[in-house]
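An overview of the molecular structure
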Amino acid sequence: MIDHSAHFIADHIHELKPSGIRRFFDLASKMDNVISLGVGEPDFVTPWNVIEASFHSLELGYTAYTANAGLLELRQELSSFLETSYQVSYDAEKQLLITVGASQAIDIAFRAIINPGDEVIVVEPSFVSYAPTIKLAGGEPVVVEATEEFAFKIQASQIEQAITNKTKAILICSPNNPTGAALGLDELNQIARVVEEHDLLVVSDEIYADLLYDESFTSFASIENMKKRTILISGFSKAFAMTGWRLGYAAAPEAIIAAMTKIHQYTIMCAPTMAQYGALEALRNSQSSVIEMKNSYRQRRNYVVKALNEMGLPCHMPGGAFYVFPSIKETGMTSEEFAEALLNEQRVAVVPGHVFGESGEGYVRCSYATSMKQLTEAMQRMKIFLKDKIK
Ligand code: PMP
């Protein structure tokens, strides 16, 4: 049957491209014997105590809506967690909002702050949602490129050069998806100086904060004078292995949280209640599981970085998250050609770098959130694949 419904779709949605990550995921799912280094989620199951706490909330009959901003008990626990872990203090009742994943927090943060035509500076290569959600909110993403030359760490001077009189905010994500790059205190301080000087806001996606391997994490909001200029976004998906629970949060000054809560209240009502009870347990009693998973990721990171460099795909040692972003330039292929050929010839799925922004061309993203056994096999297959491809 011919589908005639396309002309009903709004023009700006026609212009929105589907995510390139999903395309590879779908291709790979139709093949046998594929090792996927494609999708960015933990291979671990959520810690059992978290699952049990969620079951238990259902057994107790806690099946109704919570407050729009989320269970107060969860916000209070989150407030202590942020204070203890990152030395940032937020009022549980006025400055925290529990969302449906960090994804929803990103969406409503932009919708809360953007007037038509406002510009938001986005550091690319980046997570695929930022530019589309800025556009959906009526804003203009302005791209600045983090380059390999600086180990994919954006320089404050690059941000400064992109500022115009329409700039409202800067989006930063550290540790980063897809490069794994983590900004150091110096770099964050320099960005803070630019933010202050130009009276801007920062949307800081800190979802990989607890997966930083060699140093301790600095929240952008903890830098002097920055809390009042920061919308801190994070969630439970990555460090707690809770992607399917769809639970995240935003921490920000009161007026911003109030604005975001208005949108949230009309569009979502509240995040799922049983997931919120799980998250409460995660914050209270799952730190040892987080550390165990983190240690395992660190070991895998070290292995994969060494293996890729040895086979002729140069890559930096990423500071955090669970991705490596090797250069494939020596093969002479585009990142799309590389990923497609690797999947067809050796059944290994990686994501072409260009889906994370034009500056990602020439690289592929490999997620190491999969078992050492799978990773070892994937590295062997990639080595065979490259045999006649690197001159
Ligand atoms: N930000 C970044 C940088 C991510 O990589 C992801 C997930 N891939 C998200 C946000 C979204 O996470 P959530 O599952 O909490 O919506």
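So, how was this worked out
Residues numbered from 1 in each chain as written. Predicted model: local features only at pLDDT ≥ 70, side-chain atom pairs only at ≥ 80, totals over all residues. Heavy atoms only, no water. Buried < 20%, exposed > 50% of the residue type's maximum accessible area, 1.4 Å probe, protein only. Helix = DSSP H or I, 4+ residues; strand = E, 2+ residues; numbered from the N terminus. Pairing = 2+ DSSP bridges. Right-handed = clockwise from strand over helix to strand, strands pointing away. Axes fitted to C-alpha atoms, helices over the stretch in contact; angles between N-to-C directions. Parallel < 35°, antiparallel > 145°, perpendicular 65-115°, else oblique. Contact = heavy atoms within 4.5 Å. Nonpolar A, V, L, I, M, F, W, Y, C, P; charged D, E, K, R; others polar. Phe/Tyr/Trp six-rings, centres within 6.5 Å; stacked < 30°, edge-to-face > 60°. Lys NZ or Arg CZ within 6 Å of the ring centre and 35° of its normal. 1 Å grid on protein atoms, 1.4 Å probe; cavity = no way out; pocket = protein on both sides within 12 Å on 5 of 7 lines; lining within 4 Å. Points joined across faces, edges and corners; volume = space filled by probe spheres on them. pLDDT = per-residue confidence, 0-100.

**Examining the pairing of strand β6 (residues 201-205)**
- A large share of β6 lies buried, amounting to five of its five residues.
- Side-chain alternation along β6 places L201, V203 and D205 on one buried face and V202 and S204 on a second face that is also buried.
- As paired elements, strand β5 (residues 167-173) and β6 share five bridges and run parallel to each other. Across the sheet, I170 pairs through a bridge with V202, a residue of β6.
- Since β5 and β6 lie parallel, the crossover through helix α8 (residues 185-197) that links them has a hand, and here it is right-handed.

**Quick look at the packing of helix α12 (residues 335-346) against helix α13 (residues 372-386)**
- It is at 10 Å that the axes of α12 and α13 come closest, and there the two elements cross at 110°. In terms of orientation, α12 lies roughly perpendicular with respect to α13. Across the interface between the two elements, F338, A341, L342, E345 and Q346 of α12 pack against R381, M382, I384, F385 and L386 of α13.
- A per-class count over the contact of α12 with α13 returns seven nonpolar, one polar and two charged.

**Topic: the environment of A169**
- Tracing the chain through its elements places A169 in strand β5.
- Spatially, the C-alpha atom of A169 lies 10.0 Å from that of I231, the residues being 62 residues apart in sequence.
- Residues contacting A169, with those up to four places away along its chain left out, are I113, E119, V120, I121 and L201.

**A closer look at the packing of aromatic side chains**
- According to the stated counting rule, one finds 17 aromatic pairs in the structure shown.
- Between W48 and F55, the aromatic rings sit 6.0 Å apart at their centres with planes inclined by 80°, giving edge-to-face as the arrangement.
- Residue W48 is classed as exposed on the basis of its relative accessible area, which comes to 52%.
- Judged by relative accessible area, which is 43%, F55 ranks as partly exposed.
- Each ring, one from F81 and one from Y86, has its centre 5.9 Å from the other, and the planes form 85°; the classification is edge-to-face. This pair shows no difference in class: F81 is buried, exactly as Y86 is.
- One cation-aromatic arrangement involves K227 over Y90; the distance from NZ or CZ to the ring centre is 5.0 Å.
- Here the basic side chain of K389 rests over the ring of F385, its NZ or CZ set 4.0 Å away from the ring centre.

**Points about the sheet that holds strand β8 (residues 248-251)**
- Overall, mixed pairing links the seven strands, which are arranged β2-β8-β7-β6-β5-β3-β4 in an open sheet. The open sheet has two free edges, formed respectively by β2 (96-99) and β4 (140-145), since each of these has just one partner strand. Strand-to-strand twist across the sheet, computed as the mean angle between neighbouring axes with direction ignored, equals 20°.
- Contacting β2, β6, β7 (230-235) and β8, helix α9 (residues 254-267) crosses the sheet at an angle of about 30° to β2.

**A word on the layout of surface pockets**
- Taken as a whole, the second largest pocket holds about 200 Å³ of empty space.
- Lining the second largest pocket are 13 residues, and of these Y86, A209, D210, F217 and K294 sit closest to its centre.
- Only α4 (72-86) and α11 (287-310) provide two or more residues apiece to the lining of the second largest pocket.
- A per-class count over the lining of the second largest pocket returns six nonpolar, four polar and three charged.

**Observations concerning the confidence of the model for the protein chain**
- Of the residues in the protein chain, 100% reach a pLDDT of 70 or more, and the chain-wide mean stands at 96.
- Scoring of the predicted complex yields 0.96 for pTM and 0.99 for ipTM.

**Quick look at the pairing of β8**
- Along β8, one buried face is formed by G248 and A250 and the opposite face, lined by Y249 and A251, is buried too.
- Taken together, the four bridges between β2 and β8 define a ladder with antiparallel strand orientation. Residue pairing for β8: T99 is matched across the bridge by G248.

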